[in-house]
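# Observations on the model geometry
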Amino acid sequence: MARRVQHRTDPLVKRIIPEDPKWRATLAAVAVAVVVALVVVVVSLTTDPATVPAATRSATSTPRVTPTAMATDTPTPTPTPTPTGPVDAIDAPTSTTVAAATGADVPVSATAGGAVTSTLPNPQASGAPLVFRVVEQQSGWVRVQLAKRPNGSTGWVPTSAVKLTSDPYAIVVSVTDNTLDLYKDGSVLHSYPVATGTGGTPTPTGRFALTELLAPTNDGYGPYAYGTTAFSDVLNSFGGGPGQIGLHGTNDSSSIGSGASHGCVRMHNADITALAKLLPLGTPFQVR
Amino acid sequence: MLRSRIAAAAVGATVLGITAALVPTVSNAADPAVATATPVVQWADSADDFTAVPVSESDVPLSDGWNFLVGYNGEDPATTSITDVATFDSNGIAAKPDQFVPLLHALPSAVSPDDVPALVSTASANVGTGSQVGLTVGDAATPSITDGTVFATNGFTGDTTTWDGSESTTDLVTDLKADDKVVTGYFVTLGSIQLQQQQQQQQRSIPNAPQGLFANPTAATSRVAAVAAAVTPVAGGAASIAVGDTTTYFTPQPTAAATVGAASYTVTQATTSGVQVTGSGFAPNEVISFGLSLDGNGGELEGLTLVADADGNVSGTIVLPASFVPGPGTYSLAVVGNSSGQSLFTPLVITADPAPVATPISGRATFTG
């Protein structure tokens, strides 16, 4: 579903994309051209290519405008939207099988035993080891969650290419309550306040997994930042990345407890530090 | 029920399925101070395990397994069961009152005189007062026919065994050679020797009464060396006898059972510190082997063995080869008594190792923030 980006710190965006719904329909025909123009303007004003905002198209080809922002930028908080439709049941298994690549790469197939459709390098581009959350097993094969669009993508990898381990932890984020519940062995171990996405850049809901743990060298993410298999539904790129949803600290602790991010889940730095000492890669990461 | 090494091998092959090349893994091996069980252990604990042989036959073709001579009191061999003349209980087999029951067992192949000392040196028996043990003999030309006996005067006592009074084993070898005889099997008699002698007197009127078999037993009645089982047979009874590669227990065959020590083991635990196994119901001192399978794939864990104690109990740790534990799952652990052929399966739940805590990588984050 097309959504209008709300980034009130950027007056240009607000001027071009009026909030009045009647204007959206009127301007839809010219939206693509406007977006292109916006890209040109923003690029010309940005010195760090890594922070260049991307004007992208959503999966439904509806024009989207994404903010120019570092992780430290805080979108104007908006009332947390009430999720429509049924809320997914809590995905916090007592134990999750995790598959860590054992070689230089891992072949991925669409079906167990099927032709290889892609090969993923190990370690990942960030240098983190390639680790998957396993969601299904067959003899000699495991189906794993993949960090790719569309959200929920999975693929089959041979067990000969991975080492299977067991993870007792799970994370469940509530976008309604702006909380993160840490589960161990199926029970809540601790609950943390978090910031989730704004109404315009919502944190996508679904069942995901942690894919990497960074000690960021750039500002805004706090001491640690987890990558996840989740991707923004509205930002196809951000800060030089693909719009991947992260779980990280922040230098804007006042935003914690509200819908204030571009889609990532922010935590107090002490809290993300606590998680970084506990969680394996592959840990379930649910947003509901 | 009779068991044999052949049966054990067959069971093992069926149980273990695919055999894979394995690297022997450390296990608690047998205490070298304790002799392990003979290669074959069997139980003769019911009527089905005994074949009646008419006493009127002077030359006895021994059937496989245990035979008993019948007809001393005019019984019909065709309809007589061992339970008509003997009883079974936890102490073994014993003759009923006023019965004399010779039990005979053939060797897999006749033993020449020169090989008799080796045969005797390892023979043992656990019999009650009044019961006797010894060897059966036959002509070297027709070794399938047993036509004589030689009594171990004081039971099987290894190299000091004496025969038919005071003959040494060396003397016995000389006599066997002189008569062109070979050893065809072994025996144990149940009931009092006095009763047998009385019966022998009565049989003088019976045509074809055996002259060689039990015709002139000695009167020695000392209890012979015990086999491992801690059973005290009653007077005139027998608990066990071991000759050659076979041990027979006349006590009730136990039911083998085994369990693993924990509800689950991680892959690393199973392949490094090992899996605790506790079992019972195996043959005394027999070697216990193992197999492991998952989803029909697996095989014998070669080189992984434990040894049962004198009561047939087994306890120890087996370290599984990593090649047999590719990942988590509910495995089937096969436990096989090498001598008795008793085997069973017990589930072995192996879980994945704990996933390691992520190690942070220093780098630029590009998440949505």
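Definitions and limits used
- Residues numbered from 1 in each chain as written.
- Chains lettered and ligands numbered in written order.
- Predicted model: local features only at pLDDT ≥ 70, side-chain atom pairs only at ≥ 80, totals over all residues.
- Helix = DSSP H or I, 4+ residues; strand = E, 2+ residues; numbered from the N terminus.
- Buried ≥ 20, exposed ≤ 12 C-beta atoms within 10 Å, placed from the backbone.
- Contact = placed C-beta atoms within 7 Å.
- Pairing = 2+ DSSP bridges.
- Axes fitted to C-alpha atoms, helices over the stretch in contact; angles between N-to-C directions.
- Nonpolar A, V, L, I, M, F, W, Y, C, P; charged D, E, K, R; others polar.
- Core = buried A, V, L, I, M, F, W, Y, C linked by C-beta atoms within 7 Å.
- Arc of directions from axis to C-beta.
- pLDDT = per-residue confidence, 0-100.

### Observations regarding the overall build of chain B
When you go through chain B residue by residue, the secondary structure sums to six helices and 24 strands. Burial analysis of chain B (369 residues in total) assigns 48% to the buried set. Within chain B, contacts between residues separated by at least 24 positions form 73% of all contacts whose residues are at least 6 apart in sequence.

### Section: the overall build of chain A
A count of helices and strands for chain A gives four helices and 16 strands. Considering chain A as a whole, with its 288 residues, one finds that 45% of them fall into the buried category. Expressed as a percentage of contacts within chain A between residues at least 6 apart in sequence, the contacts between residues at least 24 apart total 64%.

### Brief notes about the sheet that holds strand β17 (residues 275-280) of chain B
Across a sheet, paired strands are connected by hydrogen bonds in the backbone, their directions being either parallel or antiparallel. Residue and element names in this part refer to chain B. Overall, antiparallel pairing links the three strands, which are arranged β15-β17-β20 in an open sheet. Strands with a single pairing partner mark the edges of an open sheet, and in this sheet they are β15 (257-260) and β20 (314-318). Mean inter-strand twist for the sheet, computed between neighbouring axes without regard to direction, equals 20 degrees. Note: β17 against β20, five bridges, orientation antiparallel. Note that in β20 the partner of Thr278 across the bridge is Ser315.

### Looking at the interface of chain A and chain B
Contact with chain A, which involves 50 residues of that partner, is made by 22 residues of chain B. Those elements that provide at least two residues to the side of chain A that touches chain B are β1 (96-101), β7 (162-167), β11 (206-216), β12 (225-231) and β13 (244-248) of chain A. Per element, the largest residue contribution to the side of chain A that touches chain B is five residues, and it comes from β11 of chain A. Residues belonging to the side of chain A that touches chain B are distributed by class as follows: 23 nonpolar, 23 polar and four charged. Relative to strand β23 (residues 353-354) of chain B, β7 of chain A runs parallel, the two sharing two bridges. By the bridge assignment, Thr165 of chain A is partnered in β23 of chain B with Asp353 of chain B.

### Things to note about unusual backbone geometry
Residues and elements named next belong to chain A. For the bond from Asn122 to Pro123, the omega torsion is 5 degrees, close enough to zero to count as cis. Mapped onto the fold, Pro123 is located in the loop between β3 (116-121) and β4 (131-138). Put simply, Arg149 and Pro150 share a cis peptide bond, and its omega is -5 degrees. On the secondary structure map, Pro150 appears in the loop between β5 (141-145) and β6 (154-158). If you check the backbone angles, Asp185 has positive phi at about 55 degrees while not being a glycine. Locating Asp185 in the fold gives a position in the loop between β9 (179-184) and β10 (187-197).

### Observations regarding the nonpolar core
Core analysis: the biggest nonpolar cluster contains 94 residues, and Ala99, Val157 and Val162 of chain A together with Ile288 of chain B have the highest contact counts within it. Ignoring anything within four residues of it in the chain, the contact list for Ile288 of chain B reads Gly279, Phe282, Thr305, Leu306, Val307, Ala308, Val314, Val335, Val336, Gly337 and Asn338 of chain B. Formed by 55 residues, the second largest nonpolar core is a distinct cluster that contains Val53, Phe68, Ile93 and Ala110 of chain B.

### Description of helix α4 (residues 169-178) of chain B
Residue and element names in this part refer to chain B. Every buried residue of α4 is accounted for by Thr169, Leu172 and Leu176. What you see down the axis of α4 is that its buried residues fit within an arc of 50 degrees, all on one side. Projecting away from the buried face of α4 at angles above 90 degrees are the exposed residues Thr170 and Ala178. Where α4 is buried, its residues contact α3 (116-121), β9 (132-139), β11 (148-151) and β12 (181-190). Just beyond α4, the residue with positive phi is Asp180, at close to 55 degrees.

### Describing the sheet that holds β11 of chain B
All names here are of chain B. In space, the six strands of this open sheet follow the order β2-β4-β7-β12-β9-β11, with mixed pairing throughout. Of all strands in the sheet, those with a lone pairing partner are β2 (50-54) and β11, marking the two edges. Neighbouring strand axes in the sheet, compared pairwise and without regard to direction, differ in orientation by 35 degrees on average.

### Looking at the confidence of the model for chain B
Residues and elements named next belong to chain B. Scored by pLDDT, chain B has a mean of 81; 78% of the residues are at 70 or more. Considering only residues more than four positions removed or in separate chains, one finds that residues 1-30, a stretch of pLDDT under 50, has 72 contacts. Every residue in residues 215-229 is under pLDDT 50, and counting partners more than four places away or in other chains gives 50 contacts. The complex model carries a pTM of 0.68, and its ipTM stands at 0.74.

### A look at the pairing of β3 of chain A
Residue and element names in this part refer to chain A. Sparse coverage of β3 is indicated by the burial of zero of its six residues. The pairing of strand β2 (residues 105-109) with β3 spans five bridges and is antiparallel. Each bridged residue has a counterpart across the sheet, and for Pro107 the counterpart in β3 is Thr119. Here β2 folds back onto β3, and the loop between the two strands holds six residues, one of which, Gly113, carries a positive phi near 85 degrees.

### Looking at helix α4 (residues 269-276) of chain A
Residue and element names in this part refer to chain A. Of all the positions in α4, only Asp271, Ile272, Leu275 and Ala276 are classed as buried. All buried residues of α4 lie within an arc of 140 degrees about the axis, which places them on one face of the element. Elements that come into contact with the buried residues of α4 comprise β9, β10, β11, β13 and β15 (265-267).

### Regarding the environment of Leu278 of chain A
Relative to the helices and strands, Leu278 of chain A resides in the loop between α4 and β16 (284-287). The exposure class assigned to Leu278 of chain A is partly exposed, which follows from the 15 C-beta atoms found within 10 Å. Along the primary structure Leu278 of chain A and Tyr169 of chain A are separated by 109 residues, whereas in three dimensions their C-alpha atoms are 8.5 Å apart. Those residues in contact with Leu278 of chain A, other than ones at most four positions away along the chain, are Tyr169 of chain A together with Val357 of chain B.

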